[in-house]
Amino acid sequence: MTTETITSSEYIKHHLQNLTCNINAGHVQCAHSAEEAKKMGFWALNVDTFVMSFILGALFLMLFHGVAKRASSGIPAGIQNFVEWVVDFIDGSVRGSFSGKNTLVAPLALTIFVWIFLMNFMDLFPIDFLPKVAESFGFGHFKVVPSTDPNATFGMSFVVFFLVIYYSLKSKGLGGFAAELSMMPFQSKNPIIQALFVPINLILEGVNLIAKPVSLALRLFGNMYAGEMIFILIAIMGSTWAGFTVANITLFGSQIFLSLGWAIFHILIITLQAFIFMTLTIVYLDMAHQEHH
Amino acid sequence: MNINATLIAQAIMFALFFWFCKSFVWTPIINALAARQKQIADGLAAAADGRNSLEVAAKQSAESLNQAKQKASEIIAQAEKRASQIVDEAKGSAKVEGERILVGAKAEIEQEVNRAKESLRSQVSALAVAGAEKILRKEIDSKAHSEMLAKLAAEL
């Protein structure tokens, strides 16, 4: 990391610190510690998250748009096969879980799946590789996995939440949506008892509604954060290297094998998390489109 | 790990990516896929049609071959019938002709015989007259007896 020796906890803290910057008195300044970042308040930007997620999203869209421009009904070849396979897979998932008629859902699912997959995929890069590159450009902190930043995951889940609310109102109407929130799950034929049930229902269904974006964002964030943390812990094993002793060689070897094993296992996790986020989005939007719950 | 304006930036970025993906990625690709699906379906339908029309054509050709065979055998049968008819006719006419020739020949022979008889008769009567003349020259007047001799010749 730096020339002076650092402790394990410093190494971990350093890796969990975003490159948080804001504009203060006309010039950009970036936080050097978690405390400084906290002090910047809300109007600060995690530049690393923003830049990495933008690069990955642009990469995805450029690749797919390149194919889409040349897409024809003729015989597909090369990258077009791959892109069509992905599109077909997403289309199948949407057809399987989404019963309404909305052409927005499938491209939304595609964007979510590929973008999240690419953001998660950054976890498989050697943990210090990209931060070192950033450091050589003068950025002290650089988190390469945007999905370990709750800002990124909540940013996506809020958009999904907005769409859920929008389509709930659109297909059920304001009254229908309000009825869904207040008349269920407890129902009674007696109007007085029903009136008593309304606040209970509102609390239950309200929690249910709010839980959707929160669980979407936190599930992805938690999984990726924990995975990243294990990569960091594995990376510490070899960092105490001080000459050829049996202990040092064992630790160093363990680091190599553990990080390899965890990375292989992580391939499953990153794909699964992208898929779960996509599938739950489709399911939530499907529920929003259903007129009778 | 603080919640800050990145949240808003990420949400806007996500919305923009989603819009771009819908307009310039998803729609053209899914259209191309649908078009290809239709092409393949059409191609398969055309192939099935082709197979059907091949079957129909094979059936038709077999039918017309059968018809041709039948017609040919009919023609052969007719020709054979006609040939035997012609032979029969020829036989019949030959018989008739032969009979006619035979009858003609018989009539001619009879005529010839009659003519020969006539000439013989006239010659015999002339001879008889000549003999009788010689015998009777002296005693009988040729004038008185020529009438009787002509009667005799007619009787022969």
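Values in this document were obtained by computation on a predicted structure and should not be read as measured data. (Residues numbered from 1 in each chain as written. Chains lettered and ligands numbered in written order. Predicted model: local features only at pLDDT ≥ 70, side-chain atom pairs only at ≥ 80, totals over all residues. Heavy atoms only, no water.)

**Considerations on empty space enclosed by the protein**
Residues and elements named next belong to chain A.
Then, number 1: Scanning all chains against the criterion turns up three cavities of 30 Å³ or more.
Then, number 2: Approximately 140 Å³ is the volume attributed to the largest cavity.
Then, number 3: Contributing to the lining of the largest cavity are 14 residues, with Glu180, Glu205, Leu209, Lys212 and Met287 lying nearest its centre.
Then, number 4: Counting only elements with at least two residues in the lining of the largest cavity, the list comes to α7 (150-182), α8 (191-237) and α9 (246-289).
Then, number 5: Examining the composition of the lining of the largest cavity, we find that six residues originate from one element, α7, more than from any other.
Then, number 6: Across the lining of the largest cavity, the residue classes tally to seven nonpolar, three polar and four charged.
Then, number 7: Its volume calculated, the second largest cavity comes out at about 50 Å³. (1 Å grid on protein atoms, 1.4 Å probe; cavity = no way out; pocket = protein on both sides within 12 Å on 5 of 7 lines; lining within 4 Å. Points joined across faces, edges and corners; volume = space filled by probe spheres on them. Helix = DSSP H or I, 4+ residues; strand = E, 2+ residues; numbered from the N terminus. Nonpolar A, V, L, I, M, F, W, Y, C, P; charged D, E, K, R; others polar.)

**Observations concerning helix α1 (residues 6-136) of chain B**
Then, number 1: With 131 residues, α1 of chain B should reach 195 Å at 1.5 Å per residue; the first-to-last C-alpha distance of 185 Å fits that figure.
Then, number 2: Maximum bend of α1 of chain B: about 40°, positioned at Lys22 of chain B. (Expected span 1.5 Å × (residues − 1). Bend = angle between axes of the 7 residues up to and from the residue.)

**Here's the deal with the interface of chain A and chain B**
Then, number 1: Across the boundary between the two partners, chain A contributes 56 residues, which contact 29 residues of chain B.
Then, number 2: Buried surface at the junction of chain A and chain B, summed over both partners, amounts to about 3700 Å²; 75% is from carbon and sulfur atoms.
Then, number 3: For chain A, the biggest contributors to the area lost against chain B are Leu61, Ser73 and Asn151 of chain A; these three give 17% of the whole.
Then, number 4: At the boundary of chain A with chain B, the tally comes to one salt bridge.
Then, number 5: A salt bridge links Glu84 of chain A to Arg36 of chain B, with the nearest nitrogen and oxygen atoms 2.8 Å apart.
Then, number 6: Between chain A and chain B we count eight residue pairs in polar contact (both at pLDDT 80 or more) in total.
Then, number 7: Contributions of two or more residues to the side of chain A that touches chain B are made by α2 (34-39), β3 (45-46), α3 (47-70), α4 (79-97), α5 (105-121), α7 and α8 of chain A.
Then, number 8: Considering every element that reaches the side of chain A that touches chain B, the biggest residue donor is α3 of chain A, with 12 residues. (Contact = heavy atoms within 4.5 Å. Buried area = accessible area lost by both parts, 1.4 Å probe. Salt bridge = Lys/Arg side-chain N within 4 Å of Asp/Glu carboxyl O. Polar contact = N/O pair within 3.5 Å; in protein donor to acceptor, adjacent residues only side chain to side chain.)

**Details of the state of the cysteines**
Residue and element names in this part refer to chain A.
Then, number 1: If you walk through the whole model with that rule in mind, you get one disulfide over all chains.
Then, number 2: Covalently, Cys21 is tied to Cys30 through a disulfide, its sulfur atoms 2.0 Å apart. Note on the Cys21 and Cys30 pair: the S-S dihedral is about 95°, so by sign convention the disulfide is right-handed. (Disulfide = S-S within 2.5 Å.)

**Quick word on the sheet that holds β3 of chain A**
Residues and elements named next belong to chain A.
Then, number 1: Pairing in this open sheet of three strands is antiparallel, and the strands run β2-β1-β3 from one edge to the other. Edge strands, defined here as strands with exactly one partner in the open sheet, are β2 (27-30) and β3.
Then, number 2: Looking at chain direction, strand β1 (residues 20-24) and β2 are connected through four bridges and run antiparallel. By the bridge assignment for β2, Asn22 is matched with Gln29. (Pairing = 2+ DSSP bridges.)

**Comments concerning a nonpolar patch on the surface**
Residues and elements named next belong to chain A.
Then, number 1: Taken together, the side chains of Trp241, Phe244, Ile249, Phe252, Ile256, Phe257, Leu260, Ile264 and Ile267 define a hydrophobic patch exposed on the protein surface, amounting to about 990 Å² of accessible area.
Then, number 2: Assignment of secondary structure puts Ile264 in helix α9.
Then, number 3: On the basis of relative accessible area, Ile264 is assigned to the exposed category, the value being 53%. (Patch = residues over 30% accessible without salt bridge, like charges linked within 9 Å, V, L, I, M, F, W, Y side chains within 5 Å. Areas by Shrake-Rupley, 256 points an atom, 1.4 Å probe, with all protein chains shown as cover. Buried < 20%, exposed > 50% of the residue type's maximum accessible area, 1.4 Å probe, protein only.)

**What about α7 of chain A?**
All names here are of chain A.
Then, number 1: Over its 33 residues, α7 extends only 31 Å from the first C-alpha to the last, a length that falls short of the 48 Å expected when each residue adds 1.5 Å.
Then, number 2: When the local axis directions of α7 are compared, the greatest deviation, roughly 105°, occurs at Gly173.
Then, number 3: Two or three places before Asn151, at the start of α7, stands the capping residue Asp149, its side-chain oxygen 3.0 Å from that residue's backbone nitrogen.

**A closer look at the nonpolar core**
Then, number 1: Phe64, Val87, Ile90, Leu110 and Ile112 of chain A are the most contacted members of the largest nonpolar core, which totals 60 residues.
Then, number 2: Elements with a minimum of two residues in this core: α3, α4, α5, α7, α8 and α9 of chain A together with α1 of chain B.
Then, number 3: Among the elements that take part in this core, α5 of chain A stands out by supplying 12 residues, more than any other.
Then, number 4: Look past the residues within four positions of Phe64 of chain A in its chain and what remains in contact with it is Val83, Val86, Val87, Leu110 and Val114 of chain A together with Val25 and Ile29 of chain B.
Then, number 5: Among the nonpolar cores identified, the runner-up in size contains 14 residues, and Ile12, Ile127, Ile232 and Ala263 of chain A belong to it. (Core = buried A, V, L, I, M, F, W, Y, C linked by side-chain atoms within 4.5 Å.)

**Digging into the environment of Asn201 of chain A**
Residue and element names in this part refer to chain A.
Then, number 1: On the secondary structure map, Asn201 appears in helix α8.
Then, number 2: For Asn201, a relative accessible area of 0% puts it in the buried group.
Then, number 3: Taking the C-alpha atoms as reference points, Asn201 and Ser182, separated by 19 residues in sequence, lie 5.0 Å from one another.

**Things to note about the pairing of β1 of chain A**
Residue and element names in this part refer to chain A.
Then, number 1: Pairing of β1 with β3 involves two bridges; the strand directions are antiparallel. Of the residues in β3, the one forming a bridge with Cys21 is Leu45.
Then, number 2: The hairpin formed by β1 and β2 contains two residues between the paired strands, and Ala25 there has a positive phi angle of roughly 55°.

From the geometry alone we can't say anything about function, so treat these as descriptive.
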